[in-house]
Amino acid sequence: MTGNKLISEAKQDVQDHLVIATAYSGTVRIYAALTTKVVEMARLIHNTWPTATAALGRVLTGTLIMRAMDDQLNRLTVEFSGDGLLGRILAVSNQTGIVKGTVDNPQVDLDLNKAGKFDVSGALGKGYLAVIKDLGLKEPYQGIVPIQNGEIGEDLAYYFSKSEQTPSAVALGVLVKPDGAVKVAGGLIIQVMPGADEMVIRDLEAKLTGLPPLTQLLDDGVSTIGVAQCFGNSPEDVKVLAEKELAYQCDCSRERFRGPLLSLAPGEIDEIIQERGEVEVRCHFCNKLYHYQESEFER
Ligand SMILES: [Zn+2]
């Protein structure tokens, strides 16, 4: 009992992070992330209900990992647009390790599905997944695929195989406590590099099916490196390339919102100011309110 208690107390103090490792002599890349605090922050900001917490948490976690795959990006945007109750889920990373996100309807909580898990698929519905990579060129790269099963992980795996020709296994999960707070959240993406043996893929698939769900491993106190080591030929075969801290952070500012306001037609601003005495803008990602007075719009 005492031992278990120690593990769970220690877990609370672990900073969210991502471990990037290789296995099978470098032909397989493993990304294992702990994102409990990121997802809990998103829940508190948006007041998400459990099914929405799971959906947004999976998208935020996937986005953090995808961002770390490509350090050269200026910005990575991952957007799930479904016809279900959740509406659109959006996650943006302007910097490796940092993410912000939003969901149209945060107050969604459906019954658990037949497998006893959050019915993210039912809450998201059918639609598309768009991945937008801003490389600082004139036009950003955009990959759009139809939503497959709406569980987020498999949809991202489908995107990797269709748009980036990289066979990948993706597991993203969020556990929620009875009071609605996030118990544990994390993600695992395994990618097979070009030239990998067919046997490697079959081997990895067998290892994946043989393991308990990722969130259960993390909740049991298994470290991200420990998770990555499950997918090597041996623990020594798994080589850690990098470890990165992860956080939910918004980078909005008064100035950033003022720009778009100035581009509104002069009449629109005047009308709002006449009605309310000021212009109020709320950031979709952090809920912060900005107030602008009439004098700030004089041109
Ligand atoms: Zn903000």
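Here the structure is a predicted model, which is why all the values come from computation and not from measurement. (Residues numbered from 1 in each chain as written. Predicted model: local features only at pLDDT ≥ 70, side-chain atom pairs only at ≥ 80, totals over all residues. Heavy atoms only, no water.)

A.B. asks: If you had to explain the sheet that holds strand β11 (residues 247-248) to someone new, which residues and values would you point to?
C.D. replies: With mixed pairing, six strands are arranged side by side in an open sheet as β7-β6-β3-β4-β5-β11. Two strands bound the open sheet, and with one partner strand each, they are β7 (141-146) and β11. Taken together, the five bridges between strand β4 (residues 88-95) and strand β5 (residues 98-103) define a ladder with antiparallel strand orientation. Among the inter-strand pairings, Leu90 is bridged to a residue of β5, identified as Thr102. (Pairing = 2+ DSSP bridges. Helix = DSSP H or I, 4+ residues; strand = E, 2+ residues; numbered from the N terminus.)

A.B. asks: Tell me about the coordination of the zinc ion, and please be specific about residues and values.
C.D. replies: Protein coordination at the zinc ion: the donors are Cys250 (SG), Cys252 (SG), Cys283 (SG) and Cys286 (SG), at 2.2 to 2.3 Å from the metal. Each of the four donor atoms bound to the zinc ion contributes to angles spanning 102 to 116 degrees, and the resulting shape is tetrahedral. Coordination of the zinc ion draws on donor residues from a single chain, spaced C-x1-C-x30-C-x2-C in sequence. Taken together, the residues Cys250 in the loop between β11 and α9 (254-262) and Cys286 in the loop between β12 (279-282) and β13 (289-292) connect sequence positions 36 residues apart. Classification of Cys286 as partly exposed rests on a relative accessible area of 22%. (Donors = N, O, S within 2.8 Å, 3.2 Å for Na, K, Ca; no water. Tetrahedral: all angles 85-135°; square planar, octahedral: opposite > 155°, others 65-115°. Buried < 20%, exposed > 50% of the residue type's maximum accessible area, 1.4 Å probe, protein only.)

A.B. asks: Outline the nonpolar core, listing residues and values.
C.D. replies: Counting residues in hydrophobic clusters, the biggest one holds 64 residues, and the most contacted among them are Phe80, Leu86, Ile89 and Leu156. Here the element with the most residues in this core is helix α3 (residues 50-69); it accounts for ten residues. Judged by nonpolar contacts, the second largest core, of 20 residues, contains Tyr24, Ile30, Ala32 and Val192. (Core = buried A, V, L, I, M, F, W, Y, C linked by side-chain atoms within 4.5 Å.)

A.B. asks: Account for the domain arrangement of the protein, naming residues and giving values.
C.D. replies: Assigned domains within the protein: domain 1 (2-248) and domain 2 (254-297). For domain 1 and domain 2, the distance between their C-alpha centroids amounts to 35 Å. Each partner contributes residues to the interface: domain 1 has nine residues there, and domain 2 has five residues. Interface area lost by domain 1 to domain 2 is led by Ile45, Lys100 and Thr102, which between them contribute 62%. (Domains from an automatic or database assignment. Contact = heavy atoms within 4.5 Å. Buried area = accessible area lost by both parts, 1.4 Å probe.)

A.B. asks: Describe the side chain of Thr77, listing the residues and the values that go with them.
C.D. replies: When you line up the elements, Thr77 lands in strand β3 (residues 75-82). Apart from residues lying up to four places away in sequence, Thr77 is in contact with Leu90, Ala91, Val92, Ala130, Val131 and Ile132.

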